[in-house]
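Here is what each chain is made of, one letter per residue.
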Amino acid sequence: MANAPKQQARPAGGRAGMKKELPEHFKAYRHVWVFIEYEHGHVHPVSLELLGEGRKLAEKLDVEVVGVLLGGDKSELEAAATEVYEHGADVLYQVADPMLAHYRNETYTKCLTDLVNTYKPEILLLGATTLGRDLAGSVATTLATGLTADCTELAIDDDRSLAATRPTFGGSLLCTIYTLNFRPQMATVRPRVMAMPKREPGRTGRLIEHPLNMAEEDVVTKVLRFVADRDSNKVQLAFADIVVAGGLGLRSAENFQLVKDLAEVLGAEYGCSRPLVQKGWVPAERQIGQTGKTIRPKLYIAAGISGAIQHRVGVEGADLIVAINSDPNAPIFDFAHLGVVADALEVLPALTRAFAKHLSVNRLAG
Amino acid sequence: MQIVVCIKQVPDSAQIRVHPVTNTIMRQGVPTIINPYDLFALEEALRLRDKSGGEVTVLSMGPPMAEDSLRKALTFGADRAVLLTDRFFAGSDTLATSFSLSQAIKKIGEVWGAPSIVFTGKQTIDGDTAQVGPGIATRLNLNQLTYVAKIGPIDREGGTIEVERRAEGGVQVLQTKLPVLITMLEGTNEMRRGSLSAALSAAKADVTVWNAADIGIEDVTKCGLRGSPTVVKRVFAPTPREEKAEQLPVGGKSPDEIADTLMNEIFSRHQTIEDDLMNFAAGQ
Ligand SMILES: Cc1cc2nc3c(=O)[nH]c(=O)nc-3n(C[C@H](O)[C@H](O)[C@H](O)COP(=O)(O)OP(=O)(O)OC[C@H]3O[C@@H](n4cnc5c(N)ncnc54)[C@H](O)[C@@H]3O)c2cc1C
Ligand SMILES: Cc1cc2nc3c(=O)[nH]c(=O)nc-3n(C[C@H](O)[C@H](O)[C@H](O)COP(=O)(O)OP(=O)(O)OC[C@H]3O[C@@H](n4cnc5c(N)ncnc54)[C@H](O)[C@@H]3O)c2cc1C
């Protein structure tokens with residue numbers, strides 16, 4: 001155990017932190033930090049969303065919003081730094097080192113824990129992406145502090161504690177979690193859960209550079225290659241702006257073609273409910289829901305899907321949910337924005353025709 | 001090669017209710033299953049063992065009834081099962097869970113040989129944090145490979161392993177040294193059906209049961225509720241959304257008329273969809 005987490009002295013009485021008794025050495029921890037996820041030349045939108053959320057928390061606490069940006073090359077990070085200030089950071093801690101050019105757990109964990117131990121934030125937010133979850137779990141364990149996953153709401157209590165609310169049991173329950181007696185209070189948030197703050201061009205902040213202090217020989221894991229999804233034929237469900245999906249109401253594998261047809265006209269990805277995967281009509285990578293993909297498109301069209309809770313939790317982040325279902329009492333109408341009580345086998349091809357026509361007419365006109 | 005697979009017993013349904021008076025989660029009466037994500041890890045482990053020999057140990061922390069899930073794992077072909085159960089483990093958050101599990105993995109290593117790979121699922125369907133895997137890796141200083149979609153060549157002499165890892169917007173191909181902790185992505189394989197003989201021997205097999213003392217935990221304030229920095233203050237059911245879907249009038253209309261109305265409604269309700277589509281169509 002190289003980074004054996006030090007167990008801080010527990011408050012007397014045992015039951016961890018049911019009462020707030022923040023140990024003396026944590027009282028100096030200040031400011032709201034946002035880990036800026038930067039890869040392949042881009043800042044992940046979730047980090048900018050978190051800067052917006054961090055701003056709200058920081059105002060309540062009367063502290064600063066701090067971005068933490070790690071990357072391979074100083075000059076390459078400049079554009080990202082500007083983006084970070086313009087989305088609300090007052091301060092930027094930056095570590096530029098060729099060893100940080102690609103995300104690796106070892107280097108990033110060491111770097112972020114060092115920064116935390118040096119500059120002592122009271123709150124540390126990360127995106128709940130594959131990178132953010134990989135990193136947050138290691139950092140929280142190394143620091144022996146609490147980490148609340150996939151929060152949908154963050155608030156500050158009167159005593160300055162972070163109240164982090166998150167769904168559990170597949171979305172059927174919510175709970176509010178505190179990290180009362182440890183610092184920093186860590187939380188992850190999924191993309192598109194928090195609103196994107198307005199960019200303020202020209203806004204700037206203080207840059208503080210920090211060294212990595214690691215040697216490549218000491219890092220065991222090597223990144224051999226990165227295959228971008230756009231270069232392979234990978235399904236992009238999770239990132240698609242429009243998703244069309246079908247369920248058992250389509251009745252046969254052949255009818256599922258109607259979903260694909262509409263998706264094609266819209267340049268959308270297509271997906272399905274779980275039973276269609278179980279029946280072998282559609283490959284597993286297309287399943288949407290709790291045990292499939294979580295999607296956050298601008299538009300989600302669900303045809304012949306009843307809207308079970310396990311499906312619902314995978315699609316609730318969509319901006320606009322349209323449901324086509326022959327049963328006016330189908331649960332999907334409880335969370336869809338727009339409902340069409342009709343036969344999907346008729347409406348789907350009609351929609352494909354309508355969009356195809358609209359697009360071709362306007363293309364000729366344009 | 002020794003492999004440990006961590007499995008969690010979870011409620012079979014996402015429909016869990018909160019007790020109206022005590023405000024606690026009511027798990028009673030809800031059937032339990034092996035966390036579905038863990039089956040991908042288990043199957044991957046069994047395949048590695050079938051190919052290159054060794055043993056698969058399944059490990060679960062939970063109440064005594066979690067033995068059911070371990071027995072189920074034995075019917076799929078795991079070689080042995082270890083149940084961690086103790087009242088001191090109750091109320092663990094992910095930090096405390098990873099502490100107890102890593103202590104147990106050390107002990108498994110002492111008794112049956114140190115594992116080259118520790119597997120966990122991607123996440124659970126109840127707590128759903130995906131934090132326990134990274135927690136174990138950090139505590140045991142194992143090289144951490146999360147969201148693994150494919151396990152590539154393992155060079156047992158050189159002690160290296162190559163994997164494909166799902167990253168944001170692509171796949172990372174990573175090479176690292178054994179021992180590793182792998183959290184296995186869903187949909188990567190299909191769970192085998194257990195054989196009849198495995199089922200029969202599983203029914204008779206002994207499940208090793210350890211408590212906190214058995215795995216060398218002297219300071220019980222590191223586990224369970226006391227070892228958990230996070231505190232769940234409130235559990236509540238989401239307020240159902242007030243407005244239900246606005247129903248498009250469909251009476252007496254043809255599918256094409258419905259489709260036209262629907263398309264226009266979509267455009268009027270979202271600022272950018274129509275423009276996005278035009279750009280998409282123009283690019284075709
Ligand atoms: C642990 C667990 C995990 C799960 N994970 C997932 C998951 O990730 N994703 C998922 O989707 N499910 C998941 N499920 C399954 C989920 O509970 C539901 O069983 C499933 O979503 C139902 O699929 P469906 O809506 O396609 O089918 P059904 O529930 O059978 O619904 C079919 C719908 O089609 C309508 N219909 C019928 N004919 C027509 C027609 N001609 N035109 C229009 N509508 C019509 C019906 O009114 C009905 O509402 C999970 C279940 C469990 C227990
Ligand atoms: C409503 C609710 C909300 C919670 N929120 C948080 C939170 O935000 N932060 C937090 O720290 N804790 C939280 N917890 C506690 C957390 O659920 C427990 O720590 C749990 O023991 C493990 O976390 P998980 O279910 O999220 O597992 P995950 O981290 O999602 O599990 C990943 C993998 O680890 C392995 N694993 C997990 N648990 C076990 C086990 N008991 N035995 C064997 N293998 C296992 C499995 O292979 C699993 O696939 C919450 C609990 C509840 C009831």
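Thresholds, definitions, all that
- Numbering of residues starts from 1 in each chain and follows the order in which that chain's sequence is written.
- The naming scheme follows written order: chains are lettered A onward, ligands numbered 1 onward.
- Per-residue local features of the predicted model are confined to residues with pLDDT of at least 70, and side-chain atom pairs are confined, for both listing and counting, to 80 or more; whole-chain, interface and lining totals are unaffected and use all residues.
- The side-chain figures draw on all heavy atoms in the structure; neither hydrogens nor water molecules are used.
- Helix and strand assignments follow DSSP, with helices taken as H or I runs no shorter than four residues and strands as E runs no shorter than two, numbered in order from the N terminus.
- Note that the radius of gyration is over C-alpha atoms, with the globule rule given as 2.2 Å times the number of residues to the power 0.38.
- Note on exposure labels: buried denotes an accessible area under 20% of the residue type's maximum, exposed denotes more than 50%, and partly exposed covers the range between, all computed with a 1.4 Å probe on protein chains only.
- Residues count as neighbours in contact if any of their non-hydrogen atoms are within 4.5 Å of one another.
- Accessible areas in this description were obtained via Shrake-Rupley with a 1.4 Å probe; residue shielding takes into account the shown protein chains only.
- Asp and Glu count as negative and Lys and Arg as positive, but His and the ends of the chain are not part of the count.
- By convention, the point assigned to a charge is CZ for Arg, NZ for Lys, CD for Glu and CG for Asp.
- Here a residue is near a molecule or strand as soon as one of its heavy atoms is found within 4 Å of it.
- In protein, a polar contact means a hydrogen-donor-capable atom and an acceptor-capable atom, both N or O and within 3.5 Å, with residues adjacent in sequence counting only if both atoms are side-chain atoms; elsewhere, any N or O pair within 3.5 Å suffices.
- Throughout this entry, Asp, Glu, Lys and Arg are counted as charged residues, while Ala, Val, Leu, Ile, Met, Phe, Trp, Tyr, Cys and Pro are counted as nonpolar. The remaining residues, Gly among them, count as polar.
- Each aromatic pair joins two rings of Phe, Tyr and Trp (for Trp, the six-membered one) with centres within 6.5 Å, and gets the label stacked for planes under 30 degrees apart, edge-to-face for over 60, and tilted for any other angle.
- Any Lys NZ or Arg CZ that is within 6 Å of a ring centre and within 35 degrees of that ring's normal is treated as a charge sitting over the ring.
- Domain ranges listed in this record stem from an automatic or a database domain assignment.
- Paired strands are those between which DSSP finds at least two bridges.
- Here the axes come from fitting lines to C-alpha atoms, over the contacting stretch only for helices, and the angles between their N-to-C directions go from 0 to 180 degrees.
- Here the buried area means the combined drop in accessible surface, using a 1.4 Å probe, for two parts upon being joined, counting both sides.

A closer look at the overall build of chain B
Moving on, step 1. Across its full length, chain B holds seven helices and 15 strands.
Moving on, step 2. The C-alpha radius of gyration of chain B comes to 24 Å, more than 25% above the 19 Å expected for a compact globule of 284 residues.
Moving on, step 3. Taken along the three principal axes of its C-alpha coordinates, chain B extends 70 × 55 × 40 Å.
Moving on, step 4. Across the 284 residues in chain B, those meeting the buried criterion constitute 51%.
Moving on, step 5. Intrachain contacts of chain B at a sequence separation of at least 6 include 71% that bridge at least 24 residues.
Moving on, step 6. With an accessible surface of roughly 12,600 Å², chain B has 50% of that area assigned to carbon and sulfur atoms.
Moving on, step 7. For chain B, the separation between the mean place of its 30 positive charges and that of its 35 negative charges on side chains is 7 Å.

So, the site of ligand 1
Moving on, step 1. The environment of ligand 1 is formed by 26 residues, the closest being A:Ser273, A:Gln287, A:Thr291, A:Ser306 and A:Asn325.
Moving on, step 2. Bordering ligand 1 are residues originating from chains A and B.
Moving on, step 3. In the model, an oxygen atom of ligand 1 is placed 2.8 Å from a nitrogen or oxygen of the A:Gln310 side chain.
Moving on, step 4. Summarising the interface, the protein chains cover 81% of the accessible area of ligand 1, which totals 990 Å² for the free molecule.
Moving on, step 5. Mapped by element, the contributors of at least two residues to the shell around ligand 1 are α6 (274–278) and α7 (309–315) of chain A.
Moving on, step 6. Of the residues in the shell around ligand 1, the class split is seven nonpolar, 14 polar and five charged.

Observations concerning the side chain of A:Ser47
Moving on, step 1. Note that A:Ser47 resides in helix α1 (residues 45–61).
Moving on, step 2. Sequence-distant contacts of A:Ser47, that is, excluding residues within four places in its chain, are made with A:Val34, A:Phe35, A:Ile36 and A:Glu37.

Here's the deal with the packing of aromatic side chains
Moving on, step 1. As enumerated under the stated definition, the model contains nine aromatic pairs over all chains in all.
Moving on, step 2. For the pair A:Phe26 and A:Tyr29, a centre-to-centre distance of 5.3 Å together with 80 degrees between the ring planes defines the contact as edge-to-face. Of the two residues examined, A:Phe26 and A:Tyr29, each falls in the buried class.
Moving on, step 3. Of the aromatic side chains, those joined through ring pairs into one cluster are A:Phe26, A:Tyr29 and A:Phe182.
Moving on, step 4. A cation over a ring is seen here: B:Arg234 above B:Phe236, with NZ or CZ 3.9 Å from the ring centre.

A closer look at the domain arrangement of chain B
Moving on, step 1. Split into domains, chain B comes out as domain 1 (2–227) and domain 2 (244–284).
Moving on, step 2. Taking the mean C-alpha position of each, domain 1 of chain B and domain 2 of chain B sit 46 Å from one another.

Digging into the environment of A:Tyr119
All names here are of chain A.
Moving on, step 1. Relative to the assigned elements, tyrosine 119 resides in helix α3 (residues 105–119).
Moving on, step 2. Along the chain, tyrosine 119 and tyrosine 93 lie 26 residues apart, while their C-alpha atoms are 9.5 Å from each other.
Moving on, step 3. Those residues in contact with tyrosine 119, other than ones at most four positions away along the chain, are Trp33, Tyr93, Ile208 and His210.

Thoughts on the sheet that holds strand β15 (residues 246–247) of chain B
Moving on, step 1. With parallel pairing, the six strands of this open sheet are ordered in space as β15(A)-β14(A)-β16(A)-β17(A)-β18(A)-β15(B). Looking at which strands have only one partner, the edges of the open sheet turn out to be β15 (269–272) of chain A together with β15 of chain B.
Moving on, step 2. Here strand β18 (residues 338–340) of chain A runs beside β15(B); their pairing, made up of two bridges, is parallel. Looking across to β15(B), one finds that A:Leu338 is bridged to B:Glu246.
Moving on, step 3. Along the sheet face, helix α5 (residues 257–266) of chain A touches β14 (242–246), β15 and β16 (299–303) of chain A and points at about 175 degrees away from the line of β14(A).
Moving on, step 4. Of the strands in this sheet, β16, β17 (320–324) and β18 of chain A together with β15 of chain B touch helix α6 (residues 255–269) of chain B, which is tilted by about 175 degrees from β18(A).

Examining unusual backbone geometry
All names here are of chain A.
Moving on, step 1. Following arginine 183, the chain continues into proline 184 via a peptide bond in cis, with omega recorded as -5 degrees.
Moving on, step 2. Its identity is not glycine, yet histidine 31 carries a phi of approximately 85 degrees, on the positive side.
Moving on, step 3. The topology assignment puts histidine 31 in the segment before β1 (32–36).
Moving on, step 4. Phi is positive for lysine 120, close to 55 degrees, though the residue is something other than glycine.
Moving on, step 5. Within the fold, lysine 120 resides in the loop between α3 and β6 (123–127).
Moving on, step 6. Residue classification places lysine 120 among the partly exposed residues on the basis of a relative accessible area of 31%.

Quick word on the domain arrangement of chain A
Residues and elements named next belong to chain A.
Moving on, step 1. Along its sequence, chain A is carved into domain 1 (24–218) and domain 2 (231–365).
Moving on, step 2. At the interface, seven residues of domain 1 touch eight residues of domain 2.
Moving on, step 3. Summing both partners gives a buried area of about 590 Å² for domain 1 against domain 2, and 43% of it is carried by carbon and sulfur.
Moving on, step 4. Inspection of the domain 1/domain 2 interface yields two residue pairs in polar contact (both at pLDDT 80 or more).
Moving on, step 5. The residue inventory of the side of domain 1 that touches domain 2, partitioned by class, reads two nonpolar, three polar and two charged.

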